[in-house]
Amino acid sequence: MIYFNILKLFPSALKREIVEFYISVSIQNFALSIISLFSPIYLYKLGFSIPQILIFFVFAYFLYFFLVPFGGKIINRFGFEHSISFSIPFCILYFLCFYLIAFYSFLIFIAPVFLAIYKMLYWPSYHANFAKYGTKEEIGKEISALRIINLLIEMSGPIIGGLIITFLGFKILFFIAGCIFFISIIPLIITKEKFISKNFSCKDCFKFLFFQKNRKAMWKFIGIGEELIDLVLWPIFIFLIIQSYSIMGGLISLSILISIFITFYVGYFFDNGNGKKILRKSLIPYFIFWTIRGFIKTISGVFLIEFFTRIIKTGISIPLTAHTYKVANKYGTLKYAVFFEQSLTIGKIFIAMIAILLFSIFGVEFWTWVIIFFIAGLFSLLYYVDSK
C-alpha cells in the first residue's frame, strides 16, 4: 500500500518534449547552482557597493522588460527548444563578462545586455514549452518532478561551487560553469522539434500586459519580485555572517536536501485540487520567515531560515506555476509566458529600486536589512491575489 502511494506522487507518463526539456534544464541548473549563489558576492568582493550591485540587475531587468516580447517573436519563429539552445551562448558570454569585470570595469555595462538577451530567449521558451507539452491532469506532478530532479542536482552545486572558489578561485568556477552550459544544448538537438509558428505580435504583448482582465494576475506575478532579494541580497547577507564560501555552500546544499521530500507531495495535492489551498496556507508562514531574516546572526540561524523557507516556498511556487501554465493554455502559451515574465520583471525592478534607496540613505546597517527583508515579505503576500 505504501509502495502504491509513493508511485502516485510521480507523473504517469512524460512526452518526448518534456523529457528532453527535463534533461537540458537539469544540466543548466547544475551550472547555475555552482555559480549563482556566489555571483553577487563576487561583485561585492570586487568593491562594488550594494546599491551598485542592485543597479546592475535593475539595468538588466529594465532591458529584459522591453526585449522579452521580441524574444517571443524569435521563439515563435524558431521554436522552444531551438530558442533555449540559442540562449546558451549569451548566458556564457554573460558569465565571461561578469568574471572579466575584475579586469575591465566597463564590462559592468555589457554583461547586463547579455543577461537580458539570454533571459528573453530562455524563460518564455521554458514556460511556454512546459505549458504546451505538459499533461494537464498531472501538471503539478510534472513540475514537482522537474523540481525534484533539479534539487537533487542543485544539492551538490553550492558546496561544489564553494569548494572550487576556496581552492581554485572564481576563474575556474566560471570556466567549469561555461562548459556545463554548452553540454545542456545536446538534449535539445538530438531530435527534430515539431513546432508550428502562429501569429505573434510584440505590440499585442504590451497591450495584453495592461488588460483589465489580467490585472489580478499581474499583481500576483509582481509579487515574484521578492525573489530578487533572495537571489541578490540574501547571499551577501549570509556571506557577511559566515565569511566562508565552502561552509555557505554546504549549508544551502543541506537545506535543499531536506526540502526535496516536501516537493513531491505539493505537486500531488495540486493535481487533486488542493493547490490554491496549500498556496494560501503557506503565505503567512513565508511572510513571517522573511521578516525575521534580518535578525539572523549565526550559522545555525541561516540554516534554519533556509530549511523552513525552502519548504514553505515549495507550497507557493508549485501551485502558482502549475495554475499559471493551465491559464496559459487558454490565452496562448507563448503570449502568456511573455506576460508572466514582464509582470515579474516589474516587481523585481520596483523592489530593487526600494532597496537601492534604503541602502543609499541608511547604509549597510542592521535595520536596513530588517526593513528590506520585511518589504520582500510584503511583496510575497501579493501571491494571495487571484488565489481563491
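It should be emphasised that the depicted structure is a prediction, and the values quoted were computed from it without experimental measurement. (Residues numbered from 1 in each chain as written. Predicted model: local features only at pLDDT ≥ 70, side-chain atom pairs only at ≥ 80, totals over all residues. Heavy atoms only, no water.)

Asker: Summarise the overall build of the protein; cite the residues concerned and give the values.
Answerer: Counting its secondary structure elements, the protein contains 17 helices and zero strands. Taken across its 388 residues, the protein has 58% of its residues classed as buried. Accessible surface computed for the protein: about 16600 Å², of which carbon and sulfur atoms make up 72%. (Helix = DSSP H or I, 4+ residues; strand = E, 2+ residues; numbered from the N terminus. Buried < 20%, exposed > 50% of the residue type's maximum accessible area, 1.4 Å probe, protein only. Areas by Shrake-Rupley, 256 points an atom, 1.4 Å probe, with all protein chains shown as cover.)

Asker: I'd like a description of the environment of Ser300, backed by residues and values.
Answerer: With respect to the helices and strands, the residue Ser300 is situated in helix α15 (residues 299–331). Owing to a relative accessible area of 47%, Ser300 belongs among the partly exposed residues under this scheme. A distance of 3.2 Å separates the side chain of Ser300 from the side chain of Thr298, its partner in a polar contact. (Polar contact = N/O pair within 3.5 Å; in protein donor to acceptor, adjacent residues only side chain to side chain.)

Asker: Lay out the packing of helix α4 (residues 50–78) against helix α13 (residues 226–242) with the relevant residues and their values.
Answerer: Their axes nearest at 11 Å, the elements α4 and α13 cross at an angle of 155°. Here α4 lies roughly antiparallel to α13, going by the angle between them. For the pair α4 and α13, the crossing hand works out as right-handed. Here α4 contributes Ile50, Ile53, Leu54, Phe57 and Tyr61 to the contact with α13, which in turn contributes Leu228, Val232, Leu233 and Ile236. Tallied by class, the residues present in the contact of α4 with α13 amount to nine nonpolar, no polar and no charged. (Axes fitted to C-alpha atoms, helices over the stretch in contact; angles between N-to-C directions. Parallel < 35°, antiparallel > 145°, perpendicular 65-115°, else oblique. Left-handed = near helix turned anticlockwise from the far one by under 90°. Contact = heavy atoms within 4.5 Å. Nonpolar A, V, L, I, M, F, W, Y, C, P; charged D, E, K, R; others polar.)

Asker: Give me the lowdown on the packing of aromatic side chains, citing residues and values where you can.
Answerer: Counting across every chain of the model gives 51 aromatic pairs. Each ring, one from Phe65 and one from Phe66, has its centre 5.1 Å from the other, and the planes form 90°; the classification is edge-to-face. Judged by its relative accessible area of 13%, Phe65 is buried. Judged by centre distance (5.5 Å) and plane angle (55°), the ring pair of Tyr94 and Phe98 falls under tilted. Highlighted residues: Tyr94 and Phe98, both in helix α5 (residues 80–100), separated by four residues, approximately one helical turn. Since its relative accessible area comes to 4%, Tyr94 is described here as buried. When its relative accessible area of 0% is taken as the criterion, Phe98 is described as buried. Its end group placed over the ring of Phe78, Arg77 keeps NZ or CZ at 4.9 Å from the ring centre. Over the ring of Tyr64 we find Lys119; its NZ or CZ atom is 5.2 Å from the centre of that ring. (Phe/Tyr/Trp six-rings, centres within 6.5 Å; stacked < 30°, edge-to-face > 60°. Lys NZ or Arg CZ within 6 Å of the ring centre and 35° of its normal.)

Asker: Could you give an account of the environment of Leu107, naming the residues involved and the relevant values?
Answerer: Locating Leu107 in the fold gives a position in the loop between α5 and α6 (111–133). Remark: the alpha-carbon pair of Leu107 and Leu96, spanning eleven residues in sequence, is separated by 9.7 Å. Discounting residues that sit within four places of it in the chain, Leu107 has contacts with Cys97, Leu100, Ile101 and Pro112.

Asker: Hey, could you go over α15 for me, with residue numbers and the actual values?
Answerer: An ideal rise of 1.5 Å per residue puts 48 Å on 33 residues; α15 measures up with 46 Å between its terminal C-alpha atoms. Where α15 bends most, the angle comes to about 30°, and this point is Lys313. Once α15 finishes, Gly332 follows within two positions and takes phi at roughly 115°, a positive value. (Expected span 1.5 Å × (residues − 1). Bend = angle between axes of the 7 residues up to and from the residue.)

Asker: Summarise helix α17 (residues 366–380); cite the residues concerned and give the values.
Answerer: Taking 1.5 Å per residue, 15 residues should reach 21 Å; α17 reaches 22 Å between its end C-alpha atoms and fits that length. When α17 is considered as a whole, its buried residues turn out to be Thr368, Trp369, Val370, Ile372, Phe373, Ile375, Ala376, Gly377, Phe379 and Ser380.

Asker: Explain the environment of Leu100 residue by residue, including any values.
Answerer: Following the sequence through the fold, Leu100 ends up in helix α5. When the C-alpha atoms of Leu100 and Ala111 are compared, they prove to be 9.6 Å apart, with eleven residues separating the residues in sequence.

Asker: Outline the confidence of the model for the protein, supporting the account with residue identities and numerical values.
Answerer: A residue-level look at the protein finds 82% of positions with pLDDT of 70 or above and a mean pLDDT of 84. Note on residues 1–10: pLDDT under 50 across the span, and nine contacts to partners over four residues away in sequence or across chains. (pLDDT = per-residue confidence, 0-100.)

Asker: Could you give me a rundown of the packing of α15 against helix α16 (residues 333–362), with the residues and numbers involved?
Answerer: Contact pair α15 / α16: the axes reach a minimum separation of 7 Å and the direction vectors enclose 135°. As summarised for this structure, α15 and α16 are arranged oblique, according to the angle between their axes. Considering only the axes of α15 and α16, their crossing is right-handed. Counted together, Leu320, Thr324, Val327, Ala328, Asn329 and Tyr331 of α15 and Thr333, Lys335, Tyr336 and Phe340 of α16 form the full contact between these two elements.

Asker: Tell me about the nonpolar core, and name the residues and values.
Answerer: Core analysis: the biggest nonpolar cluster contains 118 residues, and Leu54, Tyr94, Leu228, Ile229 and Leu233 have the highest contact counts within it. Discounting residues that sit within four places of it in the chain, Leu233 has contacts with Ile50, Leu54, Leu228, Ala355, Phe359, Trp369 and Ile372. (Core = buried A, V, L, I, M, F, W, Y, C linked by side-chain atoms within 4.5 Å.)

Asker: Go over the pattern of salt bridges, please, and point to the residues and values.
Answerer: Throughout the structure, instances matching the rule amount to four salt bridges. For Lys313, the salt bridge goes to Glu227, with nearest N and O atoms at 3.0 Å. Separated by 86 residues along the polypeptide, Lys313 in helix α15 and Glu227 in helix α13 bring together distant segments of the chain. Since its relative accessible area comes to 14%, Lys313 is described here as buried. On the basis of relative accessibility, which here comes to 26%, the residue Glu227 falls in the partly exposed class. When salt bridges with common partners are traced through the structure, they connect Glu226, Glu227 and Lys313 into a single cluster. (Salt bridge = Lys/Arg side-chain N within 4 Å of Asp/Glu carboxyl O.)

Asker: Before we move on, can you summarise the side chain of Ser282 with the specific residues and values?
Answerer: When you line up the elements, Ser282 lands in helix α14 (residues 245–292). Not counting residues up to four positions away in its chain, the partners in contact with Ser282 are Ile312, Gly315 and Ile316.

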